[in-house]
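Descriptive structure summary
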Amino acid sequence: MEYLDTLVAERPPSGKIVVFGEVFLVTPDRPETLEALRRRLARVIWCTYRRGFPRIGDTAYQSDSGWGCMLRCGQMILAEALLRARDYPAVDADAGRASIVSLISDAPECPFSIHQIALRGAIVDKPVGAWFGPNAAAQVIRSLVSEQPGAGLAVHVAMDGCLATKDVEDTICPGGKWSRPLLLFVPLRLGLHALNAEYFPSIRAMLQMPESVGAIGGRPNAAHFFIGTQDDDLIFLDPHTTQPAGLPAATLHTYTCLQPCRMRVAAVDPSLCLGFLVRDLAAWHTLLLRFGPVAPKLFDVLERAPVIDEDAHDDFVVSDPEDDGFAIVS
């Protein structure tokens, strides 16, 4: 792992950098491209460990340091989806970020706070203070968003390595009319202990799609929010910084990170969850076309999900939230 050269070194590198499908061709004679990249990164909402927030439920937890990194990654991918779904104009970018941060701030009453996510972990057998895997985080986000119609977002989790297109359309497109933007999660299990090299190009291709809102996963023992690619590497935001909790208006600047990191694809844990934002039916069909040459390496795209024998055992089934392949960070 290393910091992205472009943002921490005195001499920016030359090369192709992709962030959420936006391409930046950085060369020494094009400083404006580097500045455009900085502006794009400044719009991403960065969530980290916090300390000093109100207790979570009836527990003693007033910090998520050491256990909440995947929960924070879940907040980041949800925040990016909400920002894109609401399509704030450039002139209102700060107001848009403030609006989203108010939804994920560290207060029990905020709909997507660390309190709400940690407590909702009960649906996947995760007590407060337990470490989530990517699939568990996606399931909890789906559950919370389903109770917030004002969020203007729907969430679908493609289970067991299969995207069932008609199941999605039945939910989000009743009567043939797309009802609201869709956050699509695709949890993957791409190996037992290490990521198989045959998946590398497909993972990079998925993160380079314009519909991508990133991926949550990480290295063994540490969760990260992947936002794009630099050459053959992945770019990510790291939640493993502990900051003081506080009111959104006073802490908004702490939700910005201009020093993302990068890592080799080979270092990524094989348990990963991709995210995509789909605005309407036309965008859905476009995304399915993009999946065509890329998805078969990673997951199946079918009209309907196959019937699974519940008595069968498969080490690669990711619907079991305990099968995420991660361990707690001490």
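Right above here is the structure, for reference.
Summary of the structure given here. Note that the structure is predicted; figures quoted are calculated from it, not measured.

Structural notes on the overall build of the protein chain
- Helix and strand content of the protein chain: 10 helices and 14 strands.
- Relative to its 330 residues, the protein chain shows a buried fraction of 54%.
- In the protein chain, the proportion of contacts linking residues at least 24 apart, taken out of those at least 6 apart, comes to 74%.
- Summing over all exposed atoms, the protein chain offers an accessible surface of approximately 14100 Å²; the carbon and sulfur share of this is 52%.

Quick word on the pattern of salt bridges
- Enumeration according to the criterion identifies 15 salt bridges in this entry.
- For Glu22, the salt bridge goes to Arg40, with nearest N and O atoms at 2.9 Å. In this pair, Glu22 is assigned in strand β3 (residues 22–26) and Arg40 in helix α2 (residues 31–43), connecting sequence segments 18 residues apart.
- Owing to a relative accessible area of 33%, Glu22 belongs among the partly exposed residues under this scheme.
- Among the ionic pairs, Arg290 bridges to Glu211, the shortest N-O distance being 2.9 Å. Residue Arg290 is found in helix α10 (residues 281–294), and its partner Glu211 is found in the loop between α8 (200–207) and β8 (212–219); the two are separated by 79 residues along the sequence.
- Take Arg290: its relative accessible area is 34%, and that puts it in the partly exposed class.
- Assessed through its relative accessible area of 9%, Glu211 is described here as buried.
- Counted as one network, the salt bridges with shared partners bring together Glu22, Arg40, Arg43, Glu80 and Arg84.

Re the packing of helix α3 (residues 69–86) against helix α6 (residues 134–146)
- The N-to-C vectors of α3 and α6 enclose an angle of 50°; their axes lie 10 Å apart at closest approach. Between α3 and α6, the angle is such that the two are oblique. By crossing handedness, the relation of α3 to α6 is classed as right-handed. Two secondary-structure elements touch here, α3 through Met70, Gly74, Ile77 and Leu78 and α6 through Pro134, Ala137, Ile141 and Val145.

Brief notes about α2
- With 13 residues, α2 ought to run about 18 Å at 1.5 Å a step, and its terminal C-alpha atoms sit 19 Å apart, in line with that.
- Burial in α2 covers these residues: Thr33, Leu34, Leu37, Arg40 and Leu41. Along α2, the residues classed as buried sweep out an arc of 120° about the axis, all on the same side.

Some words on the side chain of Glu80
- Relative to the elements of secondary structure, Glu80 occurs in helix α3.
- Assessed through its relative accessible area of 3%, Glu80 is described here as buried.
- Here the side chain of Glu80 touches Arg40 through a polar contact of 2.9 Å, side chain to side chain.
- The residues contacting Glu80, other than those within four sequence positions of it, are Phe20, Arg40, Val44 and Val213.

Overview of the environment of Pro210
- Its place among the elements puts Pro210 in the loop between α8 and β8.
- A residue is classified by how much of its surface remains accessible, and Pro210, at 41% relative accessible area, is partly exposed.
- Put simply, Pro210 and Arg290 are 80 residues apart on the chain and 9.9 Å apart in space, counted from C-alpha to C-alpha.
- The contact partners of Pro210, leaving out residues within four places of it in the chain, are Phe20, Gly21, Arg84 and Arg290.

A look at helix α4 (residues 93–104)
- When the terminal C-alpha atoms of α4 are compared, their 17 Å separation across 12 residues agrees well with the 16 Å that a helix rising 1.5 Å per residue should span.
- For α4, the full list of buried residues reads Gly96, Arg97, Ile100, Val101, Leu103 and Ile104. What you see down the axis of α4 is that its buried residues fit within an arc of 150°, all on one side.
- Buried residues along α4 sit in contact with α2, α3 and α9 (248–251).

Looking at the packing of aromatic side chains
- In this structure the tally under the stated criterion is six aromatic pairs.
- Each ring, one from Phe276 and one from Phe291, has its centre 5.1 Å from the other, and the planes form 75°; the classification is edge-to-face. Of this pair, Phe276 sits in strand β13 (residues 271–278) while Phe291 sits in helix α10; the two residues are 15 residues apart in sequence, bridging distant segments of the chain. Across this residue pair, the class does not change: Phe276 and Phe291 are buried.
- Chaining the aromatic ring pairs together yields one cluster made of Phe276, Phe291 and Phe299.
- A cation over an aromatic ring shows up here: Arg50 above the ring of Tyr255, its NZ or CZ 4.5 Å from the ring centre.

So, how was this worked out
Residue indices begin from 1 for each chain and proceed along its sequence in written order. The model is predicted, so local features are restricted to residues of pLDDT at least 70 and side-chain atom pairs to those at 80 or more, both for listing and for counting; the totals for chains, interfaces and linings are taken over all residues. Only hydrogens and water are set aside; all other atoms, that is, all heavy atoms of the structure, feed into the side-chain values. To qualify as a helix, a DSSP run of H or I must reach at least 4 residues; to qualify as a strand, a run of E must reach at least 2; elements of each kind are numbered from the N terminus. Think of it in three bands: with a 1.4 Å probe and only protein chains considered, a residue is buried below 20% of the maximum accessible area for its type, exposed above 50%, and partly exposed in between. What makes two residues a contact is simply this: any of their non-hydrogen atoms within 4.5 Å. Areas reported here follow the Shrake-Rupley algorithm with a probe of radius 1.4 Å; residue values treat only the protein chains shown as occluding. Salt bridge, as used here: a side-chain nitrogen of Lys or Arg that lies within 4 Å of a carboxyl oxygen of Asp or Glu. Axes, fitted as lines to C-alpha atoms, cover a helix only where it is in contact. Angles between the N-to-C directions of the axes lie from 0 to 180 degrees. Any angle between 65 and 115 degrees counts as roughly perpendicular, while under 35 counts as roughly parallel, over 145 as roughly antiparallel, and the rest as oblique. Should the near helix be turned anticlockwise from the far one by less than a right angle, the crossing is termed left-handed; should it be turned clockwise, right-handed. To estimate the expected span of a helix, count its residues, drop one, and scale the result by 1.5 Å. Think of the arc as the fan of directions from the helix axis to the C-beta atoms. Nitrogen and oxygen atoms within 3.5 Å of one another constitute a polar contact, given that in protein one can donate a hydrogen and the other can accept it, and given that sequence-neighbouring residues count only through two side-chain atoms. Each pair of aromatic rings taken from Phe, Tyr and Trp, with Trp reduced to its six-membered ring, is defined by centres within 6.5 Å and is described as stacked if the planes are under 30 degrees apart, edge-to-face if over 60, and tilted in the remaining cases. Any Lys NZ or Arg CZ found within 6 Å of a ring centre and within 35 degrees of that ring's normal is scored as a charge over the ring.

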